[in-house]
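# Survey of secondary and tertiary structure
Here is what each chain is made of, one letter per residue.
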Amino acid sequence: MLIVSTRQKTMTQDELKQAVARAALAYVVEGELVGVGTGSTARLFIEALAGMKDRIAGAVASSEDTKRRLEGHGIRVFELNDVSSLPVYVDGADEINAEMHMIKGGGGALTREKIVAAVAGQFVCIVDGSKFVEVLGKFPLPVEVIPMASAHVTRELKELGGAPVPRAGFVTDNGNLILDVGGLQILDPVDLETRINQIVGVVSNGLFARRPADVCLLGTSGGVRTLRADD
């Protein structure tokens, strides 16, 4: 007797990332430019985007690594300063909450990601379910710092209750350092983003709260869920 199992196959984290990367294609405006983020999920989005490269004008990259990957797939890359409009920006996150506030910067491209996101008409965040949290801060908050100010910024971040650690052997595309700040329970992301940015020597920090995501495509075992802050 043939026994057929009805147990649903559990998707791996990579499969969840692939699912949200493909789902994000629905937000790409044909004939227009698309902003592309940095990181493992963004790389999967680039691979998916290559399948429709002839139907878009090109892309704006948030890092040198993303630029190389886009060009490797034959997608034309534009400098942000040469762009008058950017309908959508697609990127991952290290953490995201129900208000669409995020921690980003695990890949070290937080400043350029934040700049591209600020220009984009819509920010689509693509993540697997493990990145969705009630309170931000379990993932260490990246802070990009001008090298000569690293000691000063470290002291100031400690005053805010954080435990900053220099990211060893890493320099950003802008020639700066990253401090990864642990020990934070971020109850007011907008306020903390502002306070950290006001520290002299900080270039930017990985809280994306003043400009949150508009849409989160969340990969779950039941499929891709579409979340918005007003849901």
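Note: the structure precedes this text.
For the structure shown, the criterion picks out 12 salt bridges. The structure contains a network of salt bridges with shared partners spanning Asp65, Arg68 and Arg69.

Before going further, it helps to spend a moment on the side chain of His101. On the secondary structure map, His101 appears in the loop between strand S5 (95-96) and strand S6 (102-103). Setting aside residues no more than four positions away along its own chain, His101 makes contact with Glu95, Ile96, Leu136, Pro189, Val190, Phe208, Ala209 and Pro212.

A few words now on the sheet that holds strand S12 (residues 207-208). Strand pairs in the sheet, formed through backbone hydrogen bonds, run parallel or antiparallel to each other. Taking strand neighbours across the sheet as the criterion, the 3 strands line up as S5-S6-S12 in an open arrangement whose pairing is antiparallel. At either margin of the open sheet sits one strand with a lone partner, and together these are S5 and S12.

This next bit is on the packing of helix H2 (residues 40-49) against helix H3 (residues 64-72). One way to put it is that H2 packs onto H3 with a least axis distance of 10 Å and a crossing angle of 25°. Put simply, H2 runs roughly parallel to H3. When the axes of H2 and H3 are compared, the crossing they make is right-handed. Contact residues: Arg43, Ile46 and Leu49 in H2; Asp65, Thr66, Arg69 and Leu70 in H3. Its residues assigned to classes, the contact of H2 with H3 comprises 3 nonpolar, 1 polar and 3 charged.

A few words now on the nonpolar core. Grouped together as the largest cluster of nonpolar side chains are 23 residues, with contacts concentrated most on Val34, Val36, Phe45, Leu49, Leu70, Val90 and Ile126. Among the secondary structure elements, those contributing two or more residues to this core are helix H1 (13-23), strand S1 (33-36), H2, strand S2 (58-61), strand S4 (88-91), strand S7 (122-128) and strand S13 (215-220). Per element, the largest residue contribution to this core is 4 residues, and it comes from H2. Beyond its immediate stretch of four places on either side in the chain, Val36 contacts Phe45, Ile46, Leu49, Ala59, Val60, Ala61, Ser62, Thr66, Leu70, Tyr89 and Val90. Judged by nonpolar contacts, the second largest core, of 21 residues, contains Val60, Tyr89, Ile96 and Val116.

Reading across the sheet, the 7 strands line up as S3-S2-S1-S4-S7-S13-S14 and stay open at both edges, with mixed pairing between neighbours. Each having just a single partner strand, strand S3 (77-78) and strand S14 (223-227) make up the two edges of the open sheet. Bridge count between S1 and S4: 3 bridges; the pairing is parallel. Considered in S4, the bridge of Val34 is made with Val88. In the packing of H2 onto the sheet, the strands contacted are S1, S4 and S7, and the crossing angle to S1 comes to about 155°.

Within a pair of aromatic rings, the relevant descriptors are the distance that separates the centres and the angle that separates the planes. On inspection of all chains with the given rule, the structure shows 1 aromatic pair. With centroids separated by 5.1 Å and ring planes inclined at 55°, the aromatic side chains of Tyr89 and Phe123 adopt a geometry described as tilted. Residue Tyr89 is found in strand S4, and its partner Phe123 is found in strand S7; the two are separated by 34 residues along the sequence. Each of the two residues, Tyr89 as well as Phe123, counts as buried. Between Lys114 and the ring centre of Phe208, over which it is positioned, the NZ or CZ distance is 4.9 Å. Lying across the ring of Phe170, Arg167 places its NZ or CZ 5.3 Å from the centre.

Attention now moves to the environment of Gly39. On the secondary structure map, Gly39 appears in the loop between S1 and H2. C-alpha separation for the pair Gly39 and Asp91, spaced 52 residues apart in sequence, amounts to 8.0 Å.

What follows concerns a nonpolar patch on the surface. Together, Ile146, Met148 and Val203 give the surface a local cluster of nonpolar side chains, amounting to about 310 Å² of exposed area. The residue Ile146 is located in the loop between strand S8 (141-145) and helix H5 (150-159) in this model.

Analysis parameters
Residues numbered from 1 in each chain as written. Predicted model: local features only at pLDDT ≥ 70, side-chain atom pairs only at ≥ 80, totals over all residues. Heavy atoms only, no water. Salt bridge = Lys/Arg side-chain N within 4 Å of Asp/Glu carboxyl O. Helix = DSSP H or I, 4+ residues; strand = E, 2+ residues; numbered from the N terminus. Contact = heavy atoms within 4.5 Å. Pairing = 2+ DSSP bridges. Axes fitted to C-alpha atoms, helices over the stretch in contact; angles between N-to-C directions. Parallel < 35°, antiparallel > 145°, perpendicular 65-115°, else oblique. Left-handed = near helix turned anticlockwise from the far one by under 90°. Nonpolar A, V, L, I, M, F, W, Y, C, P; charged D, E, K, R; others polar. Core = buried A, V, L, I, M, F, W, Y, C linked by side-chain atoms within 4.5 Å. Buried < 20%, exposed > 50% of the residue type's maximum accessible area, 1.4 Å probe, protein only. Phe/Tyr/Trp six-rings, centres within 6.5 Å; stacked < 30°, edge-to-face > 60°. Lys NZ or Arg CZ within 6 Å of the ring centre and 35° of its normal. Patch = residues over 30% accessible without salt bridge, like charges linked within 9 Å, V, L, I, M, F, W, Y side chains within 5 Å. Areas by Shrake-Rupley, 256 points an atom, 1.4 Å probe, with all protein chains shown as cover.

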